[in-house]
Amino acid sequence: MRGILGVLLLCLLLCSVSACADALPNDAVLARFDAAEALYPDGRYWNSLRGEEPGVEGFWSTVPCEGGSVAQGTCHSLYFGNGWQCWGFANAVAWTMFGSCPERGGERCGWRLEEAGPEVLNHLEPGDYVRKQTPRGNGHSFIVWKVVGERVYVAAECHGLEGCRIDWYASSYTFDELLRDEENRLQYVWHHPGPSTAIALPRPDHRLLQSVLLSGSWAWLLQEK
């Protein structure tokens with residue numbers, strides 16, 4: 001019986017995230033930030049501690065990785081949407097809010113790519129995915145909170161060089177910085193398709209499905225990929 005229930009659970013998980021979600025009006029986007037922040041709390045770390053029981057604290061840990069957070073022996077950034085650190089985190093938040101993300105569904109699910117340029121900043125909306133340059137030259141991704149005047153406020157981001165620390169509503173950039181500052185220059189924007197009718201959980205890693213079926217928990221989401 002437990003095996004049958006496990007298979008049914010697996011089918012529900014896969015089916016619930018395999019298709020593009022139906023869109024709601026855009027004014028519902030802001031309400032999704034609270035749900036996403038509850039899943040990825042401010043000040044926690046989007047990483048997995050090797051050798052410790054994963055999943056106890058949900059979709060994050062309380063301990064930063066030492067140094068960079070991709071592969072440091074005792075700690076590892078989580079992975080989603082074909083990327084680690086800020087890239088993967090922004091995609092995970094987008095998936096939670098919209099039921100798809102730039103790297104999973106993309107244009108097929110209504111995401112619209114717009115390359116850097118003066119006009120793109122005038123089109124930004126809450127929930128859009130932004131990729132910009134950084135002083136180190138490796139780029140940074142974040143989810144837009146709002147635009148006031150000529151300043152873009154960040155809703156969600158994580159910092160790979162700070163143990164993948166999760167920040168909510170902590171940063172902002174002027175249009176001038178994003179258009180003219182070489183260390184912050186905008187690279188591109190993915191405009192979201194509108195929120196789904198239900199909060200979406202990230203798609204499970206097929207290599208970890210056995211742990212899902214056996215444990216009945218979400219522990220696999222914090223295991224290293």
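Being a predicted model, the structure only gives us computed values, none of them experimental. (Residues numbered from 1 in each chain as written. Predicted model: local features only at pLDDT ≥ 70, side-chain atom pairs only at ≥ 80, totals over all residues. Heavy atoms only, no water.)

**Let's talk about the layout of surface pockets**
Estimates place the volume of the largest pocket at around 410 Å³. Contributing to the lining of the largest pocket are 20 residues, with Thr134, Asn138, Gly139, His140 and Leu161 lying nearest its centre. When residues of the lining of the largest pocket are traced back to their parent elements, those giving at least two are helix 3 (85-98), strand 6 (129-132) and strand 8 (151-159). Tallied by class, the residues present in the lining of the largest pocket amount to seven nonpolar, eight polar and five charged. (1 Å grid on protein atoms, 1.4 Å probe; cavity = no way out; pocket = protein on both sides within 12 Å on 5 of 7 lines; lining within 4 Å. Points joined across faces, edges and corners; volume = space filled by probe spheres on them. Helix = DSSP H or I, 4+ residues; strand = E, 2+ residues; numbered from the N terminus. Nonpolar A, V, L, I, M, F, W, Y, C, P; charged D, E, K, R; others polar.)

**Re the pattern of salt bridges**
A side chain with one charge can pair with a side chain of the opposite charge if their charged atoms come near. Counted under the stated rule, the structure contains five salt bridges. Notably, a salt bridge pairs Arg112 with Glu114, separated by 3.8 Å at the nearest N-O pair. Accessibility expressed as a relative area gives 45% for Arg112, which makes it partly exposed. With relative accessibility at 15%, the residue Glu114 sits in the buried group. In this structure, Glu182 engages Arg185 in a salt bridge whose closest nitrogen and oxygen atoms are separated by 2.6 Å. Each member of the salt-bridge network shares a partner with another, and the members are Glu162, Arg165 and Asp167. (Salt bridge = Lys/Arg side-chain N within 4 Å of Asp/Glu carboxyl O. Buried < 20%, exposed > 50% of the residue type's maximum accessible area, 1.4 Å probe, protein only.)

**So, the side chain of His191**
Following the sequence through the fold, His191 ends up in strand 11 (residues 186-191). Taking the relative accessible area as the measure of exposure, His191 reaches 5% and is therefore buried. Ignoring sequence-local partners within four residues, the contact set of His191 consists of Gly110, Trp111, Arg112, Glu114, Val120, His123, Leu124 and Asp128. (Contact = heavy atoms within 4.5 Å.)

**So, the pairing of strand 6**
Along strand 6, one buried face is formed by Tyr129 and Arg131 and the opposite face, lined by Val130 and Lys132, is buried too. Sheet topology places strand 6 next to strand 7 (residues 140-148); four bridges connect them, and they run antiparallel. Across the sheet, the residue bridging to Val130 is Phe142, located in strand 7. One ladder, built from four bridges, connects strand 6 with strand 11; its direction is antiparallel. Residue pairing for strand 11: Arg131 is matched across the bridge by Tyr188. (Pairing = 2+ DSSP bridges.)

**Points about the packing of aromatic side chains**
This structure, assessed with the given rule, holds eleven aromatic pairs. Pairing Phe33 with Tyr169 gives two aromatic rings, centres 6.5 Å apart and planes at 85°, and the pair type is edge-to-face. One end of the pair, Phe33, is in helix 2 (residues 29-39); the other, Tyr169, is in the loop between strand 9 (165-168) and strand 10 (172-174), with 136 residues separating them in the sequence. On the basis of relative accessible area, Phe33 is assigned to the buried category, the value being 1%. Exposure remark for Tyr169: the relative accessible area of 32% places this residue in the partly exposed category. The interplanar angle of 75° and the centroid separation of 5.9 Å between the aromatic rings of Phe80 and Trp95 together place this pair among those described as edge-to-face. Of this pair, Phe80 sits in strand 3 (residues 79-80) while Trp95 sits in helix 3, placing them 15 residues apart in sequence. Trp95 matches Phe80 in its accessibility class, with the two residues each being buried. (Phe/Tyr/Trp six-rings, centres within 6.5 Å; stacked < 30°, edge-to-face > 60°.)

**Points about the environment of Leu186**
Locating Leu186 in the fold gives a position in strand 11. Classification of Leu186 as buried rests on a relative accessible area of 5%. Considering only alpha carbons, one finds Leu186 and Ala116, 70 residues apart in sequence, at a separation of 5.7 Å. Sequence-distant contacts of Leu186, that is, excluding residues within four places in its chain, are made with Ala116, Val120, Leu121, Val130, Arg131, Lys132 and Leu178.

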